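Residue strings, one per chain:
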Amino acid sequence: MIGIDERGYYGEFGGAYIPEMLHPNIAELQAEYVGIINEPGFQREFQKLLRDYVGRPSPLYLAERLSEHYQVNIYLKREDLNHTGAHKINNTVGQILLAKKLGKKRIIAETGAGQHGVATATVCALMGMPCVVYMGAVDIKRQAPNVSRMRMLGAEVRPAESGSKTLKDATNEAIRDWINNPVDTHYIIGSVVGPHPYPDMVARFQSVISEEMKWQLEEQTGKPNPDAVVACVGGGSNAAGAYYHYLNEKGVRLIAVEAAGKGVHSGESAATSVLGTRGIIHGSRTLLMQTKDGQIVEPYSLSAGLDYPGIGPMHAHLIASKRAEPISITDEDALRAAYFLSRKEGIIPALETFHALAALEVMAYQPSDVVVICLSGRGDKDLATFIQHFDDYNR
Amino acid sequence: MTNRLDRLFAEKQDHILNVYFTAGYPSLEDTLPIVQALDAAGADLIEIGMPYSDPLADGPTIQESGMKAIQNGMSIPVLLEQIREIRKHSDIPLVLMGYFNPVMQYGEKRFFKDFAEAGVDGLILPDLPVYEYETLYQKAVEEAGLKMTFLITPQTEEARIRAIDELSTGFVYMVSNAAVTGGQGEISAQQTAYFERVAAMKLKRPRLIGFGISGHQSFETACRYANGAIIGSAFIRALSEGQDIRSTVISFVKNVREGAAAAAPSAK
Ligand SMILES: Cc1ncc(COP(=O)(O)O)c(C=O)c1O
C-alpha cells in the first residue's frame, strides 16, 4: 500500500522538519485532520460545495482529434472547468472548512501561477475571512491577471522579495507569517508539499479527481482503470489527485511531467526528479534541487506554477520506487504543444498543463491504450506569454 | 577535556551573554576576527550561524547576512577550517546554529564528528524534530561530545517544555515571542509573564532568552528571568554599519553590558 506512516513518511520521504515555533499548529493539524475530514457533517458540506460552487464533477472528455493525431485513446480530465479555472480549488474548499472547524480567523497562502492564490482568495470571500497571499515579485509580473483577480476578491497580495522572488520564496514568506501569527491563522498550502500532514491532507482533498475518473471511465469505456495517467508536477497536487485511487493499481502507469525549462541540464530548469537529491525543503524530507553544500537552487521554468525546486514527498517516493515515470518537458516543447493543441480541441489550457500534454510526444504507448491527462487548469492567465511567443511558433 | 559549555555553566549562572553572527559575514575571513573580538570584549558564548539559502525562522537581517555569506564563499567545509583556526586563538564556548539540510548534505555523523574535533561545543538545529533527533542522531551527537539545544516558545506546552529540557544537554533556548528573528521593540508584559512561568518550572538546564533581544535594556530584562540572553540580528546590524570589526564588536558588547551611556561617552 502506498501512503503515509504515522509520522507522515512515504517510505523515507516526508515528516515534519519545522522549527519549534510551528509545532503547536502542526501538531494540532496532525492530530485533527483525519477526524475532521471524515466527519459526516464535514463531508456533506465539502461535497455540496464541490458540486454547487466548484461545479463538480468535472467532465472526462474523449479528445477525438487529439486521439486520432497521436493514435491512442486520450481522455482529458477537465479540471480547467472548475470555478476559478484549475484543480487548486478542490484543496482550498477543503482547507477552509477545516480552518473553520479549528476556529481559525485568518488565512494565509503562497502562490506561484496565482491559481492557488485565486482559489484561496475565493474561498476566503465565500467564508468572509481575511486573506493574505504571498507571491514572488517575479510571478506578480508574469501572472498579472491573477493578481487582479485576487484583489477583486478582497485578498491582500504581498510580494516576496527574497531569493529568486518566485514560488519557493513566497512559501518561505508564508511560513514566516505563520510563525509571527501562531494562534489565529491557518496556512492553506497549495500543493502536496510542506510538513506532515499537508502532503497527505492536500492529496486527500485532490483525490476527488481520480475518484471521478474511475466511474467516468467505467461509464465511457466499461473499465475503471486507464493504462496511464499523465499529470504535470510542480509540487504535485493535481498529479496526486489524479493518481490517488490508482496508486495501488499496478496496471496503471503514473506519468509525472516536470518542467525542464531551457533544458534539463541547461542550468535553467525545474526538473527535480532528474536534478534533485535527498534533502529538506519547506519542512519535508524529499527530493530537491540543491548545491552539494545543501543550499537550495533557484529553479527556472517559463511556467510560474512548475517553478519549484522540490516535489512533494509522495512523488519523491513514487519516483524513487519507480512506481511513477518522470518525463521532462522544456519551455519550447510546452509552447509548441500550446499552439498545436489549442487548435486541435478548442481548449486553451494553462502553461503548466501544456507540459502534461506535451508528454504525448515522448511517452511510449500502444494504440489500444487509454491515456487520461489531467487538464489541471485553463490558460487565460498565460495569454500574454502565448501571444508574446506566437510568431516564433506560427510561421 | 570538559565541554566548554559545561565549564561555562558551572562557573556562571547569570548575565550570560551569547552573541550570534553569521559565519562569513560581512566578508568570508571575518569569522576569526569577530570571534576574537567577542572573546576580548567579554561575551560568554558565541553562536556561529551556518548560512542557509532558505532560513524559515529568520527575519530579513539574518536572511541577508546569510545570502551575502554564501556569495562570499562560506560553506560547511570552509567553516570547519575556520573553526580549526579559531581554536588556535580562542577558548570561548562555541555553538553552531543552522538549518538541517546543509548538515544532511555534509553527512550528519561526519558533521558531528568533524566539528566536535575542530572544537565546537554545541549545536542548535531548529528544524530538526525531536523524534528524528532521538531515533536517528542523538547517539552520534553524544558520542561526538556535543551538547544539544532545543527551542521553546510562548506557545510550548508545559509537558513539552519538560521533555525538551530533558533532551537538551546544553541550554534551553527560550524564543522570546512568537516571531521570526530580528524584532527590536521593548519586552512586553505578556513576554515577561511567559519568562516568569518558565522560570518557575525550575528546569534542569540553564535558560537563555533569544529573538528580539537588541541592546542593554532588553538584555537586562531577559537576565532578570533567565540565566542570560542571545543577541543576533542587532549584532549583525552593527557589523553591517561598523567600519572596523574590532572596535565595532567591543563597543557593541560594552553597550549591551553597561548601556549606551557607558559605551559611548558623550562628546561634551
Ligand atoms: C494549472 C496548474 N497546473 C499545475 C500546477 C502545479 O501545481 P501542482 O503540481 O501542485 O498541481 C499549477 C500551479 O500553480 C497550476 O496553476
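Residues numbered from 1 in each chain as written. Chains lettered and ligands numbered in written order. Predicted model: local features only at pLDDT ≥ 70, side-chain atom pairs only at ≥ 80, totals over all residues.

- An unreviewed UniProt entry lists chain B under the name Tryptophan synthase alpha chain, with Phaeodactylibacter luteus given as the organism.
- Taken directly from UniProt, the Catalytic activity (unreviewed entry) text for chain B runs: "(1S,2R)-1-C-(indol-3-yl)glycerol 3-phosphate + L-serine = D-glyceraldehyde 3-phosphate + L-tryptophan + H2O". (UniProt positions renumbered as here; feature names shortened; annotations may be inferred.)

- In the annotation of an unreviewed UniProt entry, chain A is listed under the name Tryptophan synthase beta chain and assigned to Phaeodactylibacter luteus.
- Taken directly from UniProt, the Catalytic activity (unreviewed entry) text for chain A runs: "(1S,2R)-1-C-(indol-3-yl)glycerol 3-phosphate + L-serine = D-glyceraldehyde 3-phosphate + L-tryptophan + H2O".

1. Details of the overall build of chain B
So, point 1. Per the secondary structure count, chain B includes 13 helices and nine strands.
So, point 2. Taken against the 2.2 N^0.38 rule, which gives 18 Å for 268 residues, the C-alpha radius of gyration of chain B at 17 Å falls within 12% of a compact globule.
So, point 3. Over its C-alpha atoms, taken along the principal directions, chain B stretches across nearly 60 × 45 × 35 Å.
So, point 4. Burial statistics for chain B: of 268 residues in total, 51% are counted as buried.
So, point 5. Taking the intrachain contacts of chain B between residues at least 6 apart in sequence as the baseline, contacts between residues at least 24 apart amount to 75%. (Helix = DSSP H or I, 4+ residues; strand = E, 2+ residues; numbered from the N terminus. Rg over C-alpha atoms; globule rule 2.2 N^0.38 Å. Buried ≥ 20, exposed ≤ 12 C-beta atoms within 10 Å, placed from the backbone. Contact = placed C-beta atoms within 7 Å.)

2. A closer look at the pairing of strand β11 (residues 277-281) of chain A
All names here are of chain A.
So, point 1. The pairing of β11 with strand β12 (residues 284-288) spans five bridges and is classified as antiparallel. Across the sheet, I281 pairs through a bridge with S284, a residue of β12.
So, point 2. Taking the residues between adjacent antiparallel strands as the criterion, β11 and β12 are bridged by two residues, where H282 takes a positive phi near 45 degrees. (Pairing = 2+ DSSP bridges.)

3. Digging into the sheet that holds strand β7 (residues 156-160) of chain A
All names here are of chain A.
So, point 1. Strand order in the open sheet formed by four strands is β7-β6-β5-β8, and the pairing between neighbours is parallel. This sheet does not close on itself; its edge strands, each paired only once, are β7 and β8 (185-187). Across the sheet, the mean angle separating the axes of adjacent strands is 25 degrees when strand polarity is ignored.
So, point 2. Sheet topology note: the strand β5 (residues 106-111)/strand β6 (residues 131-136) ladder contains five bridges and is parallel. (Axes fitted to C-alpha atoms, helices over the stretch in contact; angles between N-to-C directions.)

4. What to know about the UniProt feature "active site" (unreviewed entry) in chain B
All names here are of chain B.
So, point 1. Mapped onto the present numbering, the UniProt feature "active site" (unreviewed entry) falls at E47 and D58.
So, point 2. On the secondary structure map, E47 appears in strand β2 (residues 45-49).
So, point 3. Judged by local crowding, E47 falls into the buried class, with 24 C-beta atoms found within 10 Å.
So, point 4. Excluding anything up to four places from it in sequence, E47 contacts N18, Y20, V95, M97, I124 and I230.
So, point 5. Among the structural elements, D58 can be located in the loop between β2 and α3 (60-72).
So, point 6. Residue classification places D58 among the buried positions, given that 27 C-beta atoms sit within 10 Å.
So, point 7. D58 has contacts with Q63, V180 and T181, leaving out every residue within four places of it along the chain.

5. What about the site of the ligand?
Residues and elements named next belong to chain A.
So, point 1. Neighbouring the ligand are 21 residues; G234, S237, G305, S376 and G377 lie closest to it.
So, point 2. Residue assignment for the shell around the ligand shows that the elements contributing at least two residues are α5 (115-127), α11 (237-243) and α15 (351-358).
So, point 3. Take the shell around the ligand: its biggest share by element is three residues, from α11.
So, point 4. Along the lines of polarity and charge, the residues of the shell around the ligand split into seven nonpolar, 13 polar and one charged. (Near = placed C-beta within 6 Å. Nonpolar A, V, L, I, M, F, W, Y, C, P; charged D, E, K, R; others polar.)

6. A look at helix α11 (residues 233-241) of chain B
An α-helical segment advances 3.6 residues per turn. Residues three or four places apart therefore align on the same side.
So, point 1. Buried within α11 of chain B are the following residues: S233, A234, F235 and I236 of chain B.
So, point 2. Those residues of α11 of chain B that are buried lie in contact with β1 (16-22), α3, β9 (228-231) and α12 (245-258) of chain B.

7. A short note on the domain arrangement of chain A
All names here are of chain A.
So, point 1. Partitioning chain A into domains gives domain 1 (9-50 + 88-201) and domain 2 (57-85 + 207-393).
So, point 2. Domain 1 and domain 2 are separated by 22 Å when their C-alpha centres are compared.
So, point 3. At the junction of the two partners, domain 1 supplies 38 residues and domain 2 supplies 36 residues.
So, point 4. Where the side of domain 1 that touches domain 2 is concerned, the elements lending two or more residues are β2 (13-14), α4 (88-101), α5, α6 (137-142), α7 (144-152) and α8 (167-180).
So, point 5. Per-class residue counts for the side of domain 1 that touches domain 2 are 17 nonpolar, 18 polar and three charged. (Domains from an automatic or database assignment.)

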